[in-house]
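What follows is each chain in one-letter form.
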Amino acid sequence: MLESTVAAIRPLDEAAMAAARELQGRLTKPAGSLGALEPLSVRLAGLAGTCPPPLPEPAAVAIFAGDHGVHAQGVTPWPQEVTAQMIANFVAGGAVVNAFARQAGASVTVVDVGVATPLPVGPTTDPAGPRLIAANVRPGTRDLTVTAALNRDEARAAVETGIRVAGDLVDAGAGILLTGDMGIGNTTPAAALIAAFTGVDPAAATGRGTGVDDETYARKVGVVRTALDRHAPDPTDPLGVLAAVGGLEHAALAGLVLGAAARRVPVLLDGVIAVSAALAAAAFAPDAVGAMVAGHRSAEPGATAALRHLGLDPLIDLGLRLGEGTGALLALPVVTGAVRVLHEVATFDSAGVAEK
């Protein structure tokens with residue numbers, strides 16, 4: 001499945017992008033006056049292969065959840081059980097992501113891809129509320145400072161879980177996918193992934209996550225450095241990098257991005273976990289970047305390094321560091337607006353407006 005998905009990912013359609021640029025130039029507004037929205041609309045036309053591209057709706061948030069063996073190294077003060085407890089909160093509709101999803105009219109799908117503790121709720125299929133899918137590859141990763149977090153088969157299984165979820169959501173009618181994540185301690189493997197794929201120093205890739213103190217932050221940087229020194233992950237082998245220092249939710253998110261790109265559907269990235277996974281997706285298939293839209297700039301420093309490496313500019317910058325898909329949901333109206341302009345704004349000729 002992974003190989004066939006990667007093989008299906010193609011470059012953006014140049015003819016559709018040319019048509020979108022030409023249409024932007026004829027709309028009743030000064031050329032370039034919509035700033036970043038104009039090249040975004042052009043890129044989405046290239047992804048869809050038509051101008052104007054389809055409106056990116058309905059929106060579907062996919063939250064992948066997993067736990068981490070590196071939690072034993074004291075990289076976060078939060079107990080690991082919170083991952084499972086937050087899944088119950090997502091399913092009950094009580095998290096920030098749920099509030100923002102209701103505001104945006106987006107569906108929420110939660111995927112247990114690697115939670116270590118028993119879930120307080122079971123799989124759900126209620127079409128009217130958040131959905132929980134059981135797809136646990138293993139109960140959390142191994143401690144990446146001691147051994148590889150995953151073996152290659154486990155990493156592949158998680159990636160392919162993300163691909164399947166993307167396909168299912170698109171088949172159900174989703175016009176845009178939004179990334180979400182949950183996993184206590186998951187900013188540590190995210191930092192390791194970012195350092196591995198971009199080459200930045202671990203200190204530049206590692207942030208304070210949930211807001212750790214100076215001592216914990218220093219320990220966290222040391223953990224990332226130790227893991228990279230131990231495994232020496234090869235950025236040209238993305239499955240190997242995910243196995244060595246990644247998390248199950250990171251691998252599944254990489255699969256979601258690849259699955260969306262293969263179906264020519266945009267994927268709106270959330271924060272540092274999502275962009276670390278996007279680096280892996282881009283290593284599998286460089287043309288997958290054409291399907292990626294950076295929703296926001298996470299307060300985690302590694303997110304900026306990852307976005308720079310991907311060549312993506314975030315749509316909003318609000319100092320967010322929550323995860324869950326919250327920043328992507330806040331950016332969703334910006335993406336929709338960029339496309340709606342091409343559908344609904346009159347041209348100078350049709351409106352009888354004189355050009356300069």
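Residues numbered from 1 in each chain as written. Predicted model: local features only at pLDDT ≥ 70, side-chain atom pairs only at ≥ 80, totals over all residues. Heavy atoms only, no water.

*Asks:* I'd love a proper account of the overall build of the protein chain, names of residues and values included.
*Replies:* What the protein chain contains, in helices and strands, is 15 helices and six strands. Reported as C-alpha extents along the three principal axes, the dimensions of the protein chain are approximately 70 × 45 × 40 Å. Here the protein chain, with 356 residues, has 56% of them falling under the buried criterion. Counting only contacts in the protein chain whose residues sit at least 6 apart along the sequence, the fraction spanning at least 24 positions is 77%. By element, 55% of the accessible surface of the protein chain is carried by carbon and sulfur atoms, the whole surface being about 13,400 Å². A distance of 2 Å separates the average location of the 24 positive side-chain charges in the protein chain from that of its 34 negative side-chain charges. (Helix = DSSP H or I, 4+ residues; strand = E, 2+ residues; numbered from the N terminus. Buried < 20%, exposed > 50% of the residue type's maximum accessible area, 1.4 Å probe, protein only. Contact = heavy atoms within 4.5 Å. Areas by Shrake-Rupley, 256 points an atom, 1.4 Å probe, with all protein chains shown as cover. Lys, Arg positive; Asp, Glu negative; His and termini not counted. Charge placed at Lys NZ, Arg CZ, Asp CG, Glu CD.)

*Asks:* Describe the pattern of salt bridges, naming the residues involved and giving the relevant values.
*Replies:* Within this structure, the stated rule accounts for 14 salt bridges. One salt bridge in this structure joins Arg263 and Asp171, with 2.7 Å as the shortest N-O distance. Here Arg263 is found in the loop between helix H11 (248-262) and strand E5 (267-269), whereas its partner Asp171 is found in helix H6 (residues 152-171), with 92 residues between them in sequence. Owing to a relative accessible area of 57%, Asp171 belongs among the exposed residues under this scheme. The network of salt bridges with common partners includes Glu3, Arg156 and Glu160. (Salt bridge = Lys/Arg side-chain N within 4 Å of Asp/Glu carboxyl O.)

*Asks:* Just give me the short version of the sheet that holds strand E2 (residues 107-114), but keep the residues and values in it.
*Replies:* Hydrogen bonding along the main chain pairs the strands of a sheet, whether they run parallel or antiparallel. Strand order in the open sheet made by the six strands is E3-E2-E1-E4-E5-E6, with parallel pairing throughout. The sheet is open, and its two borders are formed by strand E3 (131-134) and strand E6 (292-294), each paired with just one other strand. Each strand of the sheet is rotated relative to its neighbour by a mean of 25°, with strand direction disregarded. One ladder, built from four bridges, connects E2 with E3; its direction is parallel. Opposite Asp112, over in E3, you have Ala134 as the bridge partner. (Pairing = 2+ DSSP bridges. Axes fitted to C-alpha atoms, helices over the stretch in contact; angles between N-to-C directions.)

*Asks:* Mind laying out the packing of aromatic side chains, listing which residues take part and the relevant values?
*Replies:* If you walk through the whole model with that rule in mind, you get zero aromatic pairs. Here Arg208 stacks its cationic end above the ring of Tyr217, 4.8 Å away from the centre of that ring. (Phe/Tyr/Trp six-rings, centres within 6.5 Å; stacked < 30°, edge-to-face > 60°. Lys NZ or Arg CZ within 6 Å of the ring centre and 35° of its normal.)

*Asks:* Break down the environment of Val110 for me, citing the residues and quoting the values.
*Replies:* Tracing the backbone through its elements, the reader meets Val110 in strand E2. Take Val110: its relative accessible area is 0%, and that puts it in the buried class. Between the C-alpha atom of Val110 and that of Ala134, which follows or precedes it by 24 residues, the distance is 8.7 Å.

*Asks:* Which residues make up unusual backbone geometry, and what are the values?
*Replies:* In this structure, the amide linkage connecting Cys51 to the following residue, Pro52, adopts the cis form with an omega of -5°. Unlike most non-glycine residues, Ala232 shows phi in positive territory, near 40°. Looking at where Ala232 falls in the secondary structure, it is placed in the loop between helix H9 (214-231) and helix H10 (238-245). You can call Ala232 exposed: its relative accessible area is 58%.

*Asks:* Give me the side chain of Asp181: which residues, what numbers.
*Replies:* Tracing the chain through its elements places Asp181 in strand E4 (residues 176-182). Buried within the structure, Asp181 lacks any salt-bridge partner; Lys220 is the closest side chain of opposite charge, at an N-O distance of 11 Å. Within the structure, the side chain of Asp181 is placed 3.2 Å from the side chain of Asn186, a separation counted as a polar contact. For Asp181, the residues in contact, after removing those within four places along its chain, are Ile63, Phe64, Asn186, Leu253, Asp270, Ile273, Gly323 and Glu324. (Polar contact = N/O pair within 3.5 Å; in protein donor to acceptor, adjacent residues only side chain to side chain.)

*Asks:* So what's going on with H6? Residues and values would help.
*Replies:* Here H6 is 20 residues long and its end C-alpha atoms lie 28 Å apart, about the 28 Å a rise of 1.5 Å per residue gives. Two or three places before Asp153, at the start of H6, stands the capping residue Asn151, its side-chain oxygen 3.0 Å from that residue's backbone nitrogen. Gly173 lies just past H6 and shows a positive phi near 110°. (Expected span 1.5 Å × (residues − 1).)

*Asks:* Give a description of the nonpolar core that names residues and reports values.
*Replies:* Ranked by internal contacts, the top residues of the largest apolar core, which has 78 residues, are Phe64, Leu177, Leu256, Leu258 and Met292. Here the element with the most residues in this core is helix H12 (residues 272-284); it accounts for eleven residues. Beyond its immediate stretch of four places on either side in the chain, Leu258 contacts Leu2, Thr5, Val6, Ile9, Val159, Ala281, Phe284, Ala285 and Ala288. Of all hydrophobic cores here, the second largest spans 34 residues; its members include Val61, Leu132, Leu268 and Ala328. (Core = buried A, V, L, I, M, F, W, Y, C linked by side-chain atoms within 4.5 Å.)

*Asks:* Quick rundown of the packing of helix H7 (residues 187-198) against helix H13 (residues 301-310)? Include the residues and the values.
*Replies:* Interaxial distance between H7 and H13 falls to 10 Å at its minimum, and their mutual angle equals 35°. Relative to H13, the crossing made by H7 is left-handed. Between H7 and H13, the contacting residues are Ile194, Phe197 and Thr198 on the first element and Gly302, Ala303, Ala305, Ala306 and His309 on the second. For the contact of H7 with H13, the residue count by class is five nonpolar, three polar and no charged. (Left-handed = near helix turned anticlockwise from the far one by under 90°. Nonpolar A, V, L, I, M, F, W, Y, C, P; charged D, E, K, R; others polar.)

*Asks:* Explain the layout of surface pockets to me, and be specific about the residues and the numbers.
*Replies:* To locate leftover empty space, one rolls a probe as large as a water molecule over the atoms. Reported here for the largest pocket is a volume of approximately 530 Å³. Contributing to the lining of the largest pocket are 30 residues, with Met182, Asn186, Thr210, Arg321 and Leu322 lying nearest its centre. Where the lining of the largest pocket is concerned, the elements lending two or more residues are helix H4 (82-92), E4, H7 and H12. Of the residues in the lining of the largest pocket, the class split is eleven nonpolar, twelve polar and seven charged. Empty space within the second largest pocket amounts to approximately 400 Å³. Ala106, Ser107, Val108, Pro127 and Gly129 are the residues nearest the centre of the second largest pocket, which is lined by 23 residues in total. Elements represented by at least two residues in the lining of the second largest pocket include exactly strand E1 (59-66), helix H5 (96-104) and E2. Grouping the amino acids of the lining of the second largest pocket by side-chain chemistry returns twelve nonpolar, eight polar and three charged. (1 Å grid on protein atoms, 1.4 Å probe; cavity = no way out; pocket = protein on both sides within 12 Å on 5 of 7 lines; lining within 4 Å. Points joined across faces, edges and corners; volume = space filled by probe spheres on them.)

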